[in-house]
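Spelled out from the first residue to the last, the chains are:
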Amino acid sequence: MLGLVLRRTSGLPGLLSARSARPFGSPPPPEMSAALVRSTFLDFFQDKHRHRLVPSSPVRPRGDPSLLFVNAGMNQFKPVFLGTVDPRSEMASYQRVVNTQKCVRAGGKHNDLEDVGRDVYHHTFFEMLGSWSFGDYFKKEACYMAWSLLTEHYGIPADRLYVSYFAGDAVSGVPADEETQHIWLEIGVPPDRLLPFGPKENFWEMGNSGPCGPCTEIHYDHVGGRNAAALVNADSPEVVEIWNLVFMQYNREVDHNLRQLPQFSVDTGMGLERLVSVLQGKRSNYDTDLFTPLLHAIHQRSKVGPYGGRLGTVDGGKVDTAYRVVADHVRTLSVCIADGVHPGMSGAELVVRRVLRRAVRYCAEVLQAPQGALASLVPTVTHILGDVYPELHREENRIMDIINENEAHFLSSLQQGSRLIQRTLHRKDYKHGIFPASVAWCLHRDLGFPLDLVDIMLEEKDVQVDREELNRLMEESQKVTSGLQSGVPSQVPLDILSLAELHRLGVPHTEDGLKYQYRLEKDRYVFPACSATVLALYADHTLVSEVTEGQRCGVILDQTCFYSEQGGQSPDRGYFTRDGLQDVVYPVEAVVLAGGYVVHQVTATDYLKTGNQVQLHLDQVHRLSCMVNHTATHLLNFALRKVLGASVQQRGSKVSADRLRFDFSVKKSLDTSQLQQVDRCVNDIIRANHFVHSQELPLREANRIKGLRTVDEVYPDPVRVVSVEVEVSELFEGETGRETSVELCCGTHLLQTGAIEDLLIVSERQTVKGISRIVAVTGREAKRAREEGQTLSQEVGSLSARLTDSAPSSIDAAQRFAKEVGLLSDAVDNTSIPQWQRSDLQARLRALQRTSNTTVRKLEAREAALIAQPLREKNGRKTLQVDSVQTDSLSILMKTVNQLSAAAPHSYVMLLAPQRHSGKVLCACQVPKDSPALLASDWAGAVCRHLGGVAGGSMLVAKGTGSGGDIAEALEWAEEFARLETQR
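Residues numbered from 1 in each chain as written. Predicted model: local features only at pLDDT ≥ 70, side-chain atom pairs only at ≥ 80, totals over all residues. Heavy atoms only, no water.

The name given to the chain in an unreviewed UniProt entry is Alanine--tRNA ligase, and the organism recorded there is Gasterosteus aculeatus aculeatus. Taken from UniProt, the Catalytic activity (unreviewed entry) comment for the chain reads in full: "tRNA(Ala) + L-alanine + ATP = L-alanyl-tRNA(Ala) + AMP + diphosphate". (UniProt positions renumbered as here; feature names shortened; annotations may be inferred.)

The structure is reproduced here in structure tokens:
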């Protein structure tokens, strides 16, 4: 039988030999190191089956805001599956691919964070071994390759393996995958180990719409020597899935119907950690050599016993849980930070922040490790993973610095959170035993407290969080997050079937070279005219031959002069006119690139059909502004590297007509001197009016250029190289010693730098620790910002001179001055001015604010002393002092109470101040420090409620307002209330 199978599979060399028909009942597989397991997988597909080895993408998804992290090997290949890949890019040529992909599942739809530590197989970071076929081989070859690798090369006994396949779905009308069933039977899988399952287990979908298809999974039985078919897909730790082979043969339409794809693909994924545990004969991933060095390093830094692998109630004190959490989380932190995802306050950065704080908590509280222990584990992670992911070696010191800084901040937050809990429990409106959910959520969201830590801290005080309300707040937050994520991605203008139909019809890719064919004539840019033919129209998710007035559609032309949105640059604006109908304008709302087609999104103002001739009218002012800001962005990138050093890496950019934004890696915010140096460097190049050169080169040749700046994205081949001052042909190593700006870039640029006129950084701040964001303006906007900065500087100088010449002598004058400082501070904070100047003015204004506040406090204290003097003479050291005074300042009233209490520390003091104009009553009180009978907040609250108002404060001091009433009666009521409370 096997011989027949092999003859029928001629053309699949090296898949199976007669020796692969191992007898069922073999011993466990031989033990292999994790490094050997990984390399065997890659070599098998690369050397034996002609797959191209593609490096792992970073864990931050490329151009896919729907994901927080890369969570599967296929993420970076989405453009291939969707048909939107740039036909000039290397990715467009992929047919057979293999790689090992860094994946993070700690947020969004796939979130394993809270499960990590509780069991021995969940991880927030893991490696996905993957192989792909894009329109090359399909089911038969994929199954044979998988079986050959597992049984021959890894030596896994066939009697330990079970295979599942798609049983069909009557609801959606998808038939069973009998083709795959027959293939496995041909390979030799016994029928009782070949198991059908429904769509939940064996039908894979990318999302609500898009490519999808049946999958077949290979499962491994840790025990062996039995028939364990009943344990497949039964959540048994003894029988685990190790490899999933997805056969993409359908497209899920927007209306949920399935249509067959024009090109079939294969997407397989196998978790390295689980495979290594199988091949090393371990039930726990943490017992493999991917984790044991880390667990040993953790033990050396802790004050607890060695790792014992215990789970659940057996794990006393959760020591082994802590080992697993810290080992997993430090891997995740190292990989994320190396890829530029730092702890922060939103999105992926917020998830990394929670991972770090969870690890810190387990380190400090359970493992009793000293501060800094977590960061000290990074070199061990680098030792384990650095050979396959070299960025870990490059970024090791920065990773450690970021972890240490965030750990110190979290430990400080723990103290702050403890104080917040104490204050909440002492509030008057606190309901005994039930902690407010809003405060618990604040601790979690704003201070980074894990919610279970909040529970533990409250359990010690016999208190519980209002769980129902907390769940509501969490759901609301999730809805907001989901809404933001779903609203971010721009609509894909063409679906995969429409793209395939364009190819079938022979519609050529859009010729868009005209976007670069502009020239300078007498210092003016001249842009080419463009006439084009409508080749295709796309409306309501399908190709159409005609659209009518008011219909929104995508227009594909044979050629265009419009720039499509890519490389961080905003798309061009403008409009069409149709031949024979020149007075009707078709405004272009967006321009996007999909699979080599430039799609102009318009709302038709009249009918439009394929074959129509149109004239394209470019908004030249908008285009030129984008060109100015894009070239300026390159100069800024160059200047930052020159001033701050070669470690600066671009992390993102956005070029629009009115400004530019640039994100980059740097340990801390730039100081005034550095900002000024960058400013000078850029403007020196602008004033020099250097030529800007651009040239298309083969990608491999371009990568040889010394000093080339690139970002993490898929570049076309050939690729456009943009260089300032130096001709591209002179850039290769050894041909020039000059430093210059040179980048791979598809954007539109100036031909000479002088047209920028001026560049000015108007904002620079750290978005997360280690990543700064610069916002800059150019030309007239930069000139206007410099003028605004000069004006504000003069105003600050004038205000400072006034304070020096004559300090305010009255409270009103001092408060007016403080208000002026506040208004000027708001202007400095919110006006577009040089960032270096903003920092300087903010520092000067803070000093003025401190001085004016001190002056106000001194004058108020003097006024309070004048009010307090007759009251001291009247009341002496009476135990209960309740009186009325004349002042319209609650601050002065409070200071008067403070002075009376200081003179009589064992007295209960309350003052009321009726307001003649408003009719309201101000209230302030203070009680002795050792007063358990009457809290200040209770006293002021009761009196203000009696007067129709509200109050707040602490155990010792409180203040509030009443809406009015008989002041004499109120004084008597306040005194009687205090007397009754203190005599209980």
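After that view, the rundown keeps rolling.
> Mind laying out unusual backbone geometry, listing which residues take part and the relevant values?
For the bond from Asp717 to Pro718, the omega torsion is 10 degrees, close enough to zero to count as cis. Of note, Pro718 is situated in the loop between α21 (699-702) and β28 (719-724). At Glu757, a position not held by glycine, the phi torsion is positive, near 70 degrees. Mapped onto the fold, Glu757 is located in the loop between β29 (742-744) and β30 (759-768). What makes Glu757 exposed here is its relative accessible area of 56%. (Helix = DSSP H or I, 4+ residues; strand = E, 2+ residues; numbered from the N terminus. Buried < 20%, exposed > 50% of the residue type's maximum accessible area, 1.4 Å probe, protein only.)

> Describe the UniProt feature "binding site: Zn(2+)" (unreviewed entry) in the chain, and please don't skip the residues or the numbers.
What UniProt calls "binding site: Zn(2+)" (unreviewed entry) maps, in this numbering, to His630, His634, Cys745 and His749. These annotated residues cover 120 residues of sequence, but their C-alpha atoms sit close together, with the largest distance between any two at 9.8 Å. Examined against the element boundaries, His630 turns out to sit in helix α19 (residues 620-644). Apart from the residues within four sequence positions on either side, His630 is in contact with Gly567, Gln569, Val655, Cys745, Gly747, Thr748 and His749. Within polar-contact distance, the side chain of His630 engages the side chain of Gln569 at 2.6 Å. Mapped onto the elements, His634 comes out in helix α19. By relative accessible area, His634 is classed as buried at 4%. If we skip the residues at most four places from it in the chain, His634 touches Val722, Ser741, Glu743, Cys745 and His749. (Contact = heavy atoms within 4.5 Å. Polar contact = N/O pair within 3.5 Å; in protein donor to acceptor, adjacent residues only side chain to side chain.)

> Describe helix α16 (residues 451-459), with residues and values.
Looking only at α16, the buried set comprises Leu451, Leu453, Val454, Met457 and Leu458. Buried residues of α16, seen end-on, are gathered within an arc of 155 degrees and therefore sit on one face of the element. (Arc of directions from axis to C-beta.)

> Run through the packing of aromatic side chains, naming residues and quoting values.
Enumeration over the complete set of coordinates arrives at 19 aromatic pairs. Pairing Phe45 with Trp243 gives two aromatic rings, centres 6.3 Å apart and planes at 85 degrees, and the pair type is edge-to-face. With Phe45 in helix α2 (residues 34-48) and Trp243 in strand β10 (residues 239-252), the pair connects residues that are 198 residues apart, well separated along the chain. Each member of the pair, Phe45 together with Trp243, is buried. Of note, Arg578 hangs over the ring of Tyr607, and the distance from its end group to the ring centre comes to 4.2 Å. (Phe/Tyr/Trp six-rings, centres within 6.5 Å; stacked < 30°, edge-to-face > 60°. Lys NZ or Arg CZ within 6 Å of the ring centre and 35° of its normal.)

> Any chance you could break down the state of the cysteines for me, citing the residues and the numbers?
In this structure the tally under the stated criterion is 0 disulfides. Free of any disulfide, Cys143 has its nearest cysteine sulfur in Cys215, 11 Å distant. Here Cys363 is not cross-linked by a disulfide; its sulfur's nearest cysteine counterpart is in Cys336, at 17 Å. In this structure Cys363 comes out as buried when scored by relative accessible area, which is 5%. (Disulfide = S-S within 2.5 Å.)

> Before we move on, can you summarise the pairing of strand β34 (residues 921-926) with the specific residues and values?
For β34, a buried count of 6 out of 6 residues is recorded, marking the element as mostly surrounded by other parts of the structure. Burial along β34 is two-sided: Val921, Cys923 and Cys925 and Leu922, Ala924 and Gln926, pointing in opposite directions, are all buried. Two strands pair when backbone bridges link them, and strand β33 (residues 908-914) and β34 are joined in this way by 6 bridges, in the antiparallel orientation. Bridge assignment links Met910 to a residue of β34, and that residue is Cys925. The turn joining β33 and β34, which pair antiparallel and follow one another in sequence, is formed by 6 residues; a positive phi near 85 degrees is taken by Gly919. Two elements, β34 and strand β36 (residues 957-962), share 6 bridges in a ladder whose sense is antiparallel. The residue of β36 that forms the bridge with Cys925 is Ala958. (Pairing = 2+ DSSP bridges.)

> So, the layout of surface pockets: which residues are in play, and what are the values?
Taken as a whole, the second largest pocket spans an internal volume of roughly 750 Å³. Along its surface, the second largest pocket is lined by 25 residues, and Leu624, Ser625, Val628, Ala755 and Glu757 are the ones closest to its centre. A total of 6 residues in the lining of the second largest pocket trace back to one element, the largest contributor, which is α19. When grouped by side-chain class, the residues that make up the lining of the second largest pocket number 10 nonpolar, 8 polar and 7 charged. (1 Å grid on protein atoms, 1.4 Å probe; cavity = no way out; pocket = protein on both sides within 12 Å on 5 of 7 lines; lining within 4 Å. Points joined across faces, edges and corners; volume = space filled by probe spheres on them. Nonpolar A, V, L, I, M, F, W, Y, C, P; charged D, E, K, R; others polar.)

> Go over empty space enclosed by the protein with me, naming the residues and quoting the values.
Applying the stated criterion to the full structure yields 3 cavities of 30 Å³ or more. Within this model, the largest cavity holds a volume of roughly 50 Å³. Lining the largest cavity, in full, are Ile298, Arg301, Ser302, Val326, Cys363, Leu367, Ala369, Ala373, Leu374 and Leu377. Secondary structure elements with two or more residues in the lining of the largest cavity: α8 (292-301) and α11 (373-376). Taken together, the residues of the lining of the largest cavity sort by class into 8 nonpolar, 1 polar and 1 charged.

> Outline the pairing of strand β21 (residues 581-594), listing residues and values.
In terms of strand pairing, strand β20 (residues 574-578) meets β21 through 5 bridges, oriented antiparallel. In the sheet register, Gly574 faces β21, and the bridge partner there is Val588. The antiparallel pairing of β20 with β21 creates a hairpin that spans 2 residues between the two strands, and Gly580 there sits at a positive phi of about 85 degrees. Across 6 bridges, the pairing between β21 and strand β22 (residues 597-603) is antiparallel. Each bridged residue has a counterpart across the sheet, and for Ala594 the counterpart in β22 is Tyr597.

> I'd like a description of the sheet that holds β28, backed by residues and values.
Strands sit in the order β27-β28-β29 across an open sheet of 3 strands; the sheet is antiparallel. Of all strands in the sheet, those bounded by a partner on one side alone are β27 (692-697) and β29. Put simply, the sheet's adjacent strands are angled 20 degrees from each other on average, direction ignored. Across 3 bridges, β28 lies against β29 in antiparallel orientation. Counterpart to Ser723 in the pairing with β29 is Val742. (Axes fitted to C-alpha atoms, helices over the stretch in contact; angles between N-to-C directions.)

> Residue-level account of the sheet that holds strand β25 (residues 650-655), with values.
Spatial strand order, β25-β26-β31-β30: 4 strands in an open sheet with antiparallel pairing. Each edge of the open sheet is held by one strand with a lone partner, namely β25 and β30. Neighbouring strand axes in the sheet, compared pairwise and without regard to direction, differ in orientation by 15 degrees on average. Across the sheet, α19 is in contact with β25, β26 (660-665), β30 and β31 (771-778); its angle to β26 comes to roughly 25 degrees.

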